[in-house]
Amino acid sequence: MSNRIELPNQWVCTGTELKPKNGATSSNTWVMSGNEIKPKIGALSSNTWIWTGKELKPKNGATSQNTWVVDSHKIKPKANVTSANTYEIGDAPALVIAGQLALRLW
């Protein structure tokens, strides 16, 4: 499988914050607060994601189409799973997984 979740060199993740290495601001920084992944400023239920350890889903309007499920060391959509949309997560933190899959930061 070639799909792998990895943190790009131009990003940094502290475990509680995910932000660009250069030019980080409160508006392009994402935070993990409890089980919520949200922007550092301007968080709404519409731009907040929930991480349960088994699922990554929007706080508002979660469906099987926009929910990701962890299976062993892989994450895949809850519906319409293919090898192209299944990713190896290894030991990537939740913020990195969300950054790639849900937020599409890279």
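Keep in mind that this is a model prediction, so the values were computed, not measured.

The rules behind each value
Along each chain, residue indices are assigned from 1 in the same order as the chain's sequence is written. For a predicted model such as this one, the threshold for reporting local features is a pLDDT of at least 70, and the threshold for listing and counting side-chain atom pairs is 80 or more; totals across whole chains, interfaces and linings nevertheless cover every residue. Where side-chain values are given, they derive from all heavy atoms of the structure, hydrogens and water being excluded. Pairing between two strands is assigned when DSSP locates at least 2 bridges connecting them. The helix and strand labels rest on DSSP assignments: H or I over at least four residues marks a helix, E over at least two residues marks a strand, and numbering proceeds from the N terminus. In the sections that follow, a salt bridge refers to a side-chain nitrogen of Lys or Arg positioned within 4 Å of a carboxyl oxygen of Asp or Glu. Type-normalised accessible area, obtained with a 1.4 Å probe on protein chains alone, sets the label of each residue: buried when under 20%, exposed when over 50%, and partly exposed for intermediate values. Side-chain rings of Phe, Tyr and Trp (the six-membered ring for Trp) are treated as a pair once their centres are within 6.5 Å; stacked means planes under 30 degrees apart, edge-to-face means over 60, and tilted covers the remaining angles.

Draft legend 1. Examining the pairing of strand E4 (residues 36-39) more closely. Across four bridges, strand E3 (residues 30-33) lies against E4 in antiparallel orientation. Considered in E4, the bridge of Trp-30 is made with Pro-39. Taking the residues between adjacent antiparallel strands as the criterion, E3 and E4 are bridged by two residues, where Gly-34 takes a positive phi near 65 degrees. Both E4 and strand E5 (residues 49-51) contribute to a ladder of two bridges, which runs antiparallel. From the neighbouring strand, Ile-37 faces E5, where its bridge partner is Trp-49.

Draft legend 2. Region of interest: the pattern of salt bridges. In this structure the tally under the stated criterion is eight salt bridges. As a salt-bridge pair, Arg-4 and Glu-6 come within 3.6 Å of each other at their nearest N and O atoms. With a shortest N-O distance of 3.3 Å, Glu-36 and Lys-38 are connected by a salt bridge. The same class applies to Glu-36 and to Lys-38, which are both buried. Overlapping salt bridges bring together Glu-17, Lys-19 and Lys-40 as one network.

Draft legend 3. A look at the packing of aromatic side chains. In the structure shown here, the tally under the stated rule is two aromatic pairs. Between the aromatic rings of Trp-11 and Trp-106, the centroid separation amounts to 5.6 Å while the plane-to-plane angle is 50 degrees, which identifies the pairing as tilted. Taken as a pair, Trp-11 in strand E1 (residues 11-13) and Trp-106 in the segment after helix H1 (94-101) lie far apart in primary sequence, 95 residues in all. Centre to centre, the rings of Trp-68 and Tyr-87 are 6.1 Å apart; their planes meet at 65 degrees, and the pair counts as edge-to-face. Taken together, the residues Trp-68 in strand E7 (residues 68-71) and Tyr-87 in strand E9 (residues 87-88) connect sequence positions 19 residues apart. On the accessibility criterion, Trp-68 (11% relative accessible area) is buried.

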